[in-house]
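# Structural overview for review
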Amino acid sequence: MSSRRLQDKVAIVTGAAQGIGQAIAIRLAEEGAALAVADVSLDALSDTVRQIEDAGGRVIAKVCDVTASASVVELFTAVTENYGRLDILVNNAGIGTAPNDGFDLYQQRMADRSAQLHKGETPTVFADHITDMQDEGWQQVVNVNLNGAFYCCREAVRVMAAQGVAGSIINIASTSAVSGEGGVHYCASKAAILGLTKSLAMEVAARNIRVNAICPGPTNTPIMANISDEWKQSMVAAIPMGRIGEPLEIANTALFLASEEASAFTGQTLMANLGTYLA
Ligand SMILES: NC(=O)c1ccc[n+]([C@@H]2O[C@H](COP(=O)([O-])OP(=O)(O)OC[C@H]3O[C@@H](n4cnc5c(N)ncnc54)[C@H](O)[C@@H]3O)[C@@H](O)[C@H]2O)c1
């Protein structure tokens, strides 16, 4: 651990068991932050905890389902009890699909439609997704991606305001928020995160709490396992930089926003997407 840009800071990262959240937690810890990592299962967090501890970092792991506000309150209480302060929140927990959201049918129809197009036929299959999306599927994605971020932002501001901390809140949205590529539930919830980011940034700016968002493009994490190989290939072909992103690249963006180097940034969205979409 060479430079220590977050020495004496305390950070919470939600959805930190794998993928982007894990990379962010490890990167913030490398820069000296004491970490609280949260996810739906303690077992799943063990790899993140081990990696932080092996690198000499401080970490506590907590089970927290961000869709349950009581669970979120417990997480923040545990953090203040353990560390006595909170400087950084990364709202990373997110899902792209949920049971009963019609995604399987959508993928099948997409495959059938592109097969027709490849054969030079006039497509007769339409890849509607919304028509098979049940209330439950819509609600679960919105619950995790948007309501979860709201519950965590609310607790973070309560704690930071009570302590007079100059905090940094980082919301992981998605390029889908602006490109419209993705399920309607996913795109809507991620676009809403950008609205939440801007409004909250204005609200708490006078307290010196900064609120920013990151929009990753396609990034190499387990969330991509839900997407067919054909879809992945067409995704890569459409990325100007010719590859998908790595979790570390998003982690470095989060580190910047968490650090003093980003002291002038609030209410902003950083598009860490390899040129996928220019907002
Ligand atoms: N990977 C990508 O291509 C990509 C692109 C754009 C945006 N994002 C966003 O980045 C974030 C992380 O994505 P990822 O690819 O690392 O996903 P991932 O599925 O690999 O990891 C997400 C983590 O969030 C956790 N989680 C899910 N529901 C939760 C809940 N209710 N409470 C607490 N934790 C919960 C999961 O258990 C998992 O550990 C998400 O918000 C995602 O929407 C990812």
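The coordinates are above.
Below: a short report on this structure.

## Some thoughts on the overall build of the protein
- Counting secondary structure elements, the protein contains 9 helices and 7 strands.
- For 279 residues, the compact-globule estimate of 2.2 N^0.38 gives 19 Å, and the C-alpha radius of gyration of the protein, at 19 Å, lies within 12% of that figure.
- With respect to the three principal axes, the spread of C-alpha positions in the protein is 65 × 40 × 40 Å.
- Relative to its full complement of 279 residues, the protein shows a buried share of 44%.

## Structural notes on the sheet that holds strand E6 (residues 210–216)
- Across the sheet, 7 strands lie side by side as E3-E2-E1-E4-E5-E6-E7; this open sheet has parallel pairing. Each end of this open sheet is capped by a strand with a single partner; those strands are strand E3 (59–63) and strand E7 (269–272). The sheet shows a mean angle of 15 degrees between the axes of neighbouring strands, taken without regard to direction.
- Where strand E5 (residues 168–172) lies against E6, 5 bridges are found, and the strand directions are parallel. Considered in E6, the bridge of Ile-172 is made with Ile-214.

## Description of the site of the ligand
- In the vicinity of the ligand lie 28 residues, with Gly-15, Gly-19, Gly-94, Thr-221 and Ile-223 positioned nearest.
- Every element with two or more residues in the shell around the ligand is listed here: helix H1 (19–30) and helix H5 (135–163).
- Of the residues belonging to the shell around the ligand, the class tally is 14 nonpolar, 12 polar and 2 charged.

## Let's talk about helix H4 (residues 103–118)
- The end-to-end C-alpha separation of H4 is 22 Å, in line with the 22 Å expected for 16 residues at 1.5 Å each.
- Just beyond H4, the residue with positive phi is Gly-120, at close to 80 degrees.

## A short note on the packing of H1 against helix H9 (residues 247–258)
- Viewed as axis vectors pointing N to C, H1 and H9 meet at an angle of 50 degrees, and their least axial separation amounts to 8 Å. One way to sum up the angle between H1 and H9 is to call them oblique. Between H1 and H9 the crossing geometry is right-handed. Listed contacts from H9 to Gly-19, Ile-20, Ala-23, Ile-24, Arg-27 and Leu-28 of H1 are Pro-247, Leu-248, Ile-250, Ala-251, Asn-252, Ala-254, Leu-255 and Ala-258.

## Let's talk about the environment of Ile-239
- Checked against the element boundaries, Ile-239 lands in the loop between helix H8 (229–237) and H9.
- The partly exposed category is assigned to Ile-239, around which 17 C-beta atoms lie within 10 Å.
- Each C-alpha atom, one on Ile-239 and one on Gly-275, is 6.5 Å from the other, the two residues being 36 residues apart in sequence.
- Apart from the residues lying within four places of it in its own chain, the contact partners of Ile-239 are Gly-217, Pro-218, Ile-244, Leu-274, Gly-275 and Thr-276.

## Brief notes about the nonpolar core
- Counting 73 residues, the largest nonpolar core has Leu-28 and Leu-35 as the members making the most contacts within it.
- Per element, the largest residue contribution to this core is 11 residues, and it comes from H5.
- Look past the residues within four positions of Leu-28 in its chain and what remains in contact with it is Leu-6, Ala-11, Ala-33, Leu-35, Ile-88, Leu-255 and Ala-258.

## Section: the pairing of E6
- Of all 7 residues in E6, 7 are buried, a share of seventy percent or more.
- Every second residue of E6 is oriented toward a common face, with Arg-210, Asn-212, Ile-214 and Pro-216 on one face and Val-211, Ala-213 and Cys-215 on the other, all of them buried.

## Description of the pairing of E7
- Neither face of E7 is left uncovered, since the one carrying Thr-269 and Met-271 and the one carrying Leu-270 and Ala-272 both have all their residues buried.
- Across 4 bridges, E6 lies against E7 in parallel orientation. For Ile-214, the partnering residue across the bridge sits in E7 and is Leu-270.

## Focus on unusual backbone geometry
- In this structure, Asn-100 is a non-glycine residue whose phi angle is positive, near 65 degrees.
- Within the secondary structure, Asn-100 is located in the loop between strand E4 (88–91) and H4.
- Note on Asn-100: 14 C-beta atoms within 10 Å, which makes it partly exposed.
- For Leu-274, which is not glycine, the phi dihedral falls at a positive 55 degrees.

Thresholds, definitions, all that
Residues numbered from 1 in each chain as written. Predicted model: local features only at pLDDT ≥ 70, side-chain atom pairs only at ≥ 80, totals over all residues. Helix = DSSP H or I, 4+ residues; strand = E, 2+ residues; numbered from the N terminus. Rg over C-alpha atoms; globule rule 2.2 N^0.38 Å. Buried ≥ 20, exposed ≤ 12 C-beta atoms within 10 Å, placed from the backbone. Pairing = 2+ DSSP bridges. Axes fitted to C-alpha atoms, helices over the stretch in contact; angles between N-to-C directions. Near = placed C-beta within 6 Å. Nonpolar A, V, L, I, M, F, W, Y, C, P; charged D, E, K, R; others polar. Expected span 1.5 Å × (residues − 1). Parallel < 35°, antiparallel > 145°, perpendicular 65-115°, else oblique. Left-handed = near helix turned anticlockwise from the far one by under 90°. Contact = placed C-beta atoms within 7 Å. Core = buried A, V, L, I, M, F, W, Y, C linked by C-beta atoms within 7 Å.

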